[in-house]
Amino acid sequence: MRSKPVFSLLGIGSASLLLAACGGASTQSQAGTVHVEATDNACTLASTTSAAGPIAFDIANKGDQVTEFYLYGADGRVISEVENIAPGTSRSMTAQVTEPGKYTTACKPGMKGDGIRGDFTVTAAGAAAALAVPQGVASQYTVLEKEIKDAGGQTKVGPWRIAYIVEAAEPWYAAEGGHQHFRKPATGETHHIEIIPIEAATGRIVPDVPISVEVVDSTGKVADSKKLNFYYSEFFHYANNFSIPQAGTYTLRAKLDPPTFLRHGEENEPPKLAEGAQANFEHVELKPEG
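Here the residue numbers are simple positions, counted from 1 along each chain's written sequence. Only residues with pLDDT of at least 70 get local features here, since the model is predicted, and only at 80 or more are side-chain atom pairs given and counted; chain-wide, interface and lining totals rely on the full set of residues. Based on all heavy atoms of the structure, the side-chain values leave hydrogens and waters out of the count.

1. What about the state of the cysteines?
Part 1 of the argument: Cysteine sulfur atoms that come within 2.5 Å of each other are treated as a disulfide pair. Using the criterion set out here, one finds one disulfide in the structure.
Part 2 of the argument: Here Cys 43 pairs with Cys 107 through a disulfide, and the sulfurs are 2.0 Å apart. In this structure, the disulfide formed by Cys 43 and Cys 107 twists by about 55° around the S-S bond and is classed as right-handed. Placement of the pair is Cys 43 in strand S4 (residues 43-45) and Cys 107 in strand S10 (residues 101-107), with a sequence separation of 64 residues.
Part 3 of the argument: Each residue is placed in one exposure class: buried if its accessible area under a 1.4 Å probe, protein chains only, is under 20% of its type's maximum, exposed if it is over 50%, and partly exposed if it falls in between. Given a relative accessible area of 0%, Cys 107 falls into the buried group. Working definition: helices are DSSP H or I runs of at least four residues, strands are E runs of at least two. Numbering for both runs from the N terminus.

This is the structure:
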């Protein structure tokens, strides 16, 4: 899905702020777990670099075919492999890699052919320690950027970078009576709309932001509107399930109120992220999803 975003500010200060795209997360992993998402036509690694040592790969098969995963050396020899990963399941493998250099990964949908290959770099065991970030942090931002590209869009508003993602209605755990209960999508819920508020200067996902979204049809009528919840997932985000009556082109009107957290700072400096923003994502095609 793609949109042509337009936006307005709700009290944003200077329009001359220098804005930087999200990029604070490294794609490098120390010897640890590299998460892999395998489909019938893609093989996506959360990290393409690791320090030498035991490197664990956690492969989730999101495709319709049985698949397998390989790590090859520069000479084409198999360093490690795991086979028979059924659709909807995950398997792990650990490769003992002692030599820095260039390697190749491959997912093989249908367990045949050369597979879907990609480059993988192994650095010296201690070389990455000072620069590497925890694998979960790197993975969060890698997955986020891919989903924005594949199923959403983004814009910059003052100090904010605001992104959206649209997916089919999703389940989640909800607190009830002091316990977490699994909640399936309710009847009529068709789409899961996510908004990700990011501090443009640092690339950090911002917590404690009250967010609401209106889905507006081509006639200007609000088809549905919801306040968003904050979710733990592959990346932290705000979202809710929406009920869209029919397929068509819509505008997503996202309103961000000022974050409710307290702020450190100097007395003579303005507080950070003290104002909210509004982003209107136009021409968003919503197809029947549920």
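2. Re the sheet that holds S4
Backbone-to-backbone hydrogen bonds pair the strands of a sheet. The strands run either parallel or antiparallel.
Part 1 of the argument: Taken together, four strands build an open sheet; the order of strands is S4-S3-S6-S9 and the sheet is mixed. Only two strands of the sheet have a single partner each, and these edge strands are S4 and strand S9 (90-97). Taken over all neighbouring pairs, the strand axes of this sheet differ in orientation by 25° on average, direction set aside.
Part 2 of the argument: In this description, strands pair whenever DSSP reports at least two bridges between them. The pairing of strand S3 (residues 33-38) with S4 spans three bridges and is antiparallel. Axis definition: a line fitted to C-alpha atoms, limited for helices to the stretch in contact. Angles are taken between N-to-C directions and run from 0 to 180 degrees.

3. Remarks on the pairing of strand S21 (residues 237-242)
Part 1 of the argument: S21 sits mainly inside the fold: six of its six residues count as buried.
Part 2 of the argument: With five bridges joining them, strand S16 (residues 191-199) and S21 adopt antiparallel strand pairing. In the sheet register, Glu 194 faces S21, and the bridge partner there is Ala 239.
Part 3 of the argument: Sheet topology note: the strand S20 (residues 229-231)/S21 ladder contains three bridges and is antiparallel. Within S21, the residue paired with Asn 229 across the bridge is Ala 239.
Part 4 of the argument: Taking the residues that link successive antiparallel strands as the turn, the S20-S21 hairpin has five residues.

4. Regarding the packing of aromatic side chains
Part 1 of the argument: Stacked, tilted and edge-to-face are the three classes assigned to paired rings of Phe, Tyr and Trp, where Trp is represented by its six-membered ring and a pair needs centres within 6.5 Å; plane angles under 30 degrees give stacked, over 60 edge-to-face, the rest tilted. If you walk through the whole model with that rule in mind, you get nine aromatic pairs.
Part 2 of the argument: Between the aromatic rings of Phe 230 and Phe 236, the centroid separation amounts to 5.7 Å while the plane-to-plane angle is 0°, which identifies the pairing as stacked.
Part 3 of the argument: The class of Phe 230 is partly exposed, set by a relative accessible area of 44%.
Part 4 of the argument: Phe 236 gets classed as partly exposed once you look at its relative accessible area, which sits at 33%.
Part 5 of the argument: Here the aromatic rings of Tyr 232 and Phe 236 are separated by 5.6 Å at their centres, their planes lie at 75°, and the arrangement is edge-to-face.
Part 6 of the argument: Here the aromatic cluster, defined as three or more aromatic residues joined through ring pairs, consists of Phe 230, Tyr 232, Phe 236 and Tyr 238.
Part 7 of the argument: Charge-over-ring placement is defined geometrically: NZ (Lys) or CZ (Arg) within 6 Å of the ring centre, and within 35 degrees of the ring normal. Cation over ring: Lys 108 sits above Tyr 70, and NZ or CZ is 4.2 Å from the ring centre.

5. A few points about unusual backbone geometry
Part 1 of the argument: Of note in this structure, Met 111 is not a glycine but carries a positive phi near 55°.
Part 2 of the argument: Locating Met 111 in the fold gives a position in the loop between S10 and strand S11 (116-123).
Part 3 of the argument: A relative accessible area of 30% means that Met 111 is categorised as partly exposed.
Part 4 of the argument: One non-glycine residue with positive phi stands out, namely Leu 273, at about 50°.

6. Regarding the pattern of salt bridges
Part 1 of the argument: The term salt bridge refers to a side-chain nitrogen of Lys or Arg lying within 4 Å of a carboxyl oxygen of Asp or Glu. Summed over all chains, the structure comprises eight salt bridges.
Part 2 of the argument: The closest approach of N and O atoms between Lys 146 and Asp 150, which form a salt bridge, is 2.7 Å. With Lys 146 and Asp 150 both in helix H1 (residues 135-151), this residue pair falls four residues apart, about one helical turn.
Part 3 of the argument: Here Lys 146 falls in the partly exposed class, since its relative accessible area comes to 33%.
Part 4 of the argument: Asp 150 gets classed as partly exposed once you look at its relative accessible area, which sits at 43%.
Part 5 of the argument: With its nearest N and O atoms 3.8 Å apart, the salt bridge here joins Lys 226 to Asp 224.

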